[in-house]
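Below, each chain spelled out in residue letters.
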Amino acid sequence: MDGLHETLLQAVAPRLPPGAGLITDPAHLAYLATDVHAQGQPLLAALRPTDAGQLAEAVGTLVEAGIAVVPRGGGMSYTGGYLAARQPSVLVDTGGLDRIVEINVEDAYVVVEAGVTWERLRQALDARGVRTPYFGPMSGSHATVGGALAQGSTFHGSGRHGSSAESVLGLEVATARGELLRTGSAAAGTAPFFRWHGPDLTGLFLGDCGLLGIKTRATLRLLPRSAHVDYLSWQFARPAQLLGAMAALARAGLPSEVAAFDPGLAQVRMRRAGLGADAKALGNVIRRDGLLGGLRLAARGRRFLDPHMFSLHVTVEGDSSAELAARVDAARRAVAGSGHEVENSVPRVMAANLFAAKNAMLGPSGERWAPVHGIVPHSAAVRLFDALQALFAREKDAMQRHGLFVGTLMTTIGAQAVLIEPCLYWPDSHNAFHQRTVDAVHRARIGCPDDNPGARAAADALRHAIAGVMRAEGAVNFQIGKFYRYREGRDPAALALLDAVKAQLDPKGLMNPGVLAR
């Protein structure tokens, strides 16, 4: 920290509210300034408030002093969403807002503070026999409710119930003016049970990446937890068969979760430690499915999968055993003729280890990882997949030169959309985020490559090229952050409205500068 910024911090710190959790330790700040992929501008300081009123007061004080404010959830981002784009900036770590405020089974909603992780929320709701429709990303051990709502998120529950935003009834948001703003029925002074009390202000703050304010509290819908669940897996020779099967299942509303792997990602998974060696994953399967189920999985591992084929893994739920059987039968009919059914070990393991994805942010030999995704309608999915394969063919020599390889994950979101996410891997050293987030035992097992700026630059160039292909094919994105192009080609009237809202809430433009700016 230079002398000017240190003087600024000394002047502002006494004005911050008690308990704001001021952080100035250089090592901690370096970690908070780093996401899965990159490092932002150095931070002046960070705050970890434990109360929404503290947070709003602190934000107002910082903005009044001309300091940019950058909100951070669980940190599971790869698009610079919480990386500072200018100096001086103070990061607000919302992890201290970690209370589950109310579980109202009678009125079917739950109120949580923004720093609650999806794993902790799931555990609390399990005890009451309920769940949120969307119940978190695969990284939900670290990813927070507020982060998923600010960035947009998909996976658990998304096959039937859509993305994170579609489970929300209302929000509480701290603005750059130092105010707490409430949306939905709570804004009228009543219980937060209903979203559409007049114009939908809640939607303005969903997917905004922190552009308009910092989410401090959210109200989510509740459903009864499904007691009847089954799992299905298939393999396919061609991508069109896979994507056609995914579309058929999605349109019929059959799967709750969908995970599909191309051969590249299947081979990455096969290179990782076998299931039998993963004691924690296997233990979770045994607790969920019993000893015999766990022993069967350990014996077979992943050997039944052909790593040169495309695979599809789905979870199917029903309110009764009869409904579940009917839905499973309908799913098999929908896929019949496209692929062949295989052992359902993969979705069973995923279901028993819902939020175990944090170690997957490094490759099987310690490689760095960075995904790029695009969301398209089913009619455009094959065209987008083929366009990406053409790009990889053009870049083959450069990829081989730098040891860069790609595997693609696919999933569906409700009935209308499919998400296609190439995951890039390249040999490179681990940053501060990897060192603090990935399990130390796992990092020791897979190793850490040497610093490799050449491969890093090649991977970054390919990330941008992938995003360009997706944009050309009409794809949209979650987690836009400071990477995906949001403003390019957007309807001018819509941009004007957003800019007017931004000016009203943040007249100095100091709330997460640079986000949604491209």
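Our subject is the structure listed above.
Residues numbered from 1 in each chain as written. Predicted model: local features only at pLDDT ≥ 70, side-chain atom pairs only at ≥ 80, totals over all residues. Heavy atoms only, no water.

## Let's talk about a nonpolar patch on the surface
Part 1 of the argument: A grouping of F193, F194 and W196 is seen on the molecular surface, where their side chains present a nonpolar patch of about 340 Å² in accessible area.
Part 2 of the argument: For W196, the position within the fold is in the loop between β9 (180-182) and β10 (214-221). (Patch = residues over 30% accessible without salt bridge, like charges linked within 9 Å, V, L, I, M, F, W, Y side chains within 5 Å. Areas by Shrake-Rupley, 256 points an atom, 1.4 Å probe, with all protein chains shown as cover. Salt bridge = Lys/Arg side-chain N within 4 Å of Asp/Glu carboxyl O. Helix = DSSP H or I, 4+ residues; strand = E, 2+ residues; numbered from the N terminus.)

## What about the pairing of strand β4 (residues 89-93)?
Part 1 of the argument: Burial analysis of β4 places five of its five residues in the buried class, which makes it a mostly covered element.
Part 2 of the argument: Two elements, strand β2 (residues 45-47) and β4, share three bridges in a ladder whose sense is parallel. Across the sheet, A46 pairs through a bridge with L91, a residue of β4.
Part 3 of the argument: As paired strands, strand β3 (residues 68-72) and β4 are joined by five bridges and run parallel to one another. Note that in β4 the partner of V69 across the bridge is V90. (Buried < 20%, exposed > 50% of the residue type's maximum accessible area, 1.4 Å probe, protein only. Pairing = 2+ DSSP bridges.)

## Quick look at the sheet that holds strand β8 (residues 168-174)
Adjacent strands of a sheet form backbone hydrogen bonds with each other and so pair up, either parallel or antiparallel.
Part 1 of the argument: Taken in spatial order, the five strands of this open sheet run β5-β6-β10-β8-β9, and their pairing is antiparallel. A single partner strand is all that each edge strand has here, and the edge strands are β5 (100-104) and β9. Across the sheet, the mean angle from the axis of one strand to that of its neighbour is 10°, orientation sign disregarded.
Part 2 of the argument: Across three bridges, β8 lies against β9 in antiparallel orientation. Directly across from E172, in β9, lies its bridge partner R182.
Part 3 of the argument: Sheet contacts for helix α4 (residues 118-126): β5, β6 (109-113) and β10; angle to β5, the most-contacted strand, approximately 40°. (Axes fitted to C-alpha atoms, helices over the stretch in contact; angles between N-to-C directions. Contact = heavy atoms within 4.5 Å.)

## Observations regarding the side chain of E367
Part 1 of the argument: For E367, the position within the fold is in the loop between α11 (345-352) and β16 (368-371).
Part 2 of the argument: In this structure E367 comes out as buried when scored by relative accessible area, which is 7%.
Part 3 of the argument: At 2.8 Å, the side chain of E367 and the backbone nitrogen of S365 are in polar contact.
Part 4 of the argument: Once residues within four sequence positions are removed from consideration, E367 is found in contact with R271, M361, L362, F405, Y425, W426, P427 and P449. (Polar contact = N/O pair within 3.5 Å; in protein donor to acceptor, adjacent residues only side chain to side chain.)

## Side note on the packing of aromatic side chains
Part 1 of the argument: Applying the stated criterion across every chain, the model contains eight aromatic pairs.
Part 2 of the argument: Pairing F194 with W196 gives two aromatic rings, centres 6.0 Å apart and planes at 75°, and the pair type is edge-to-face.
Part 3 of the argument: Centroid distance F483 to Y484: 4.9 Å. Interplanar angle 75°. Geometry classified as edge-to-face.
Part 4 of the argument: Under the relative-accessibility criterion, F483 is labelled buried at 6%.
Part 5 of the argument: Assessed through its relative accessible area of 3%, Y484 is described here as buried.
Part 6 of the argument: Through a chain of ring-to-ring contacts, three or more aromatic side chains come together here, namely F193, F194 and W196.
Part 7 of the argument: Stacked on the ring of F483, the Lys or Arg R463 has its end atom at 4.1 Å from the ring centre.
Part 8 of the argument: The ring of Y486 has R490 lying over it, and the distance from NZ or CZ to the ring centre is 3.8 Å. (Phe/Tyr/Trp six-rings, centres within 6.5 Å; stacked < 30°, edge-to-face > 60°. Lys NZ or Arg CZ within 6 Å of the ring centre and 35° of its normal.)

By themselves, these are just geometric observations and shouldn't be taken as functional.
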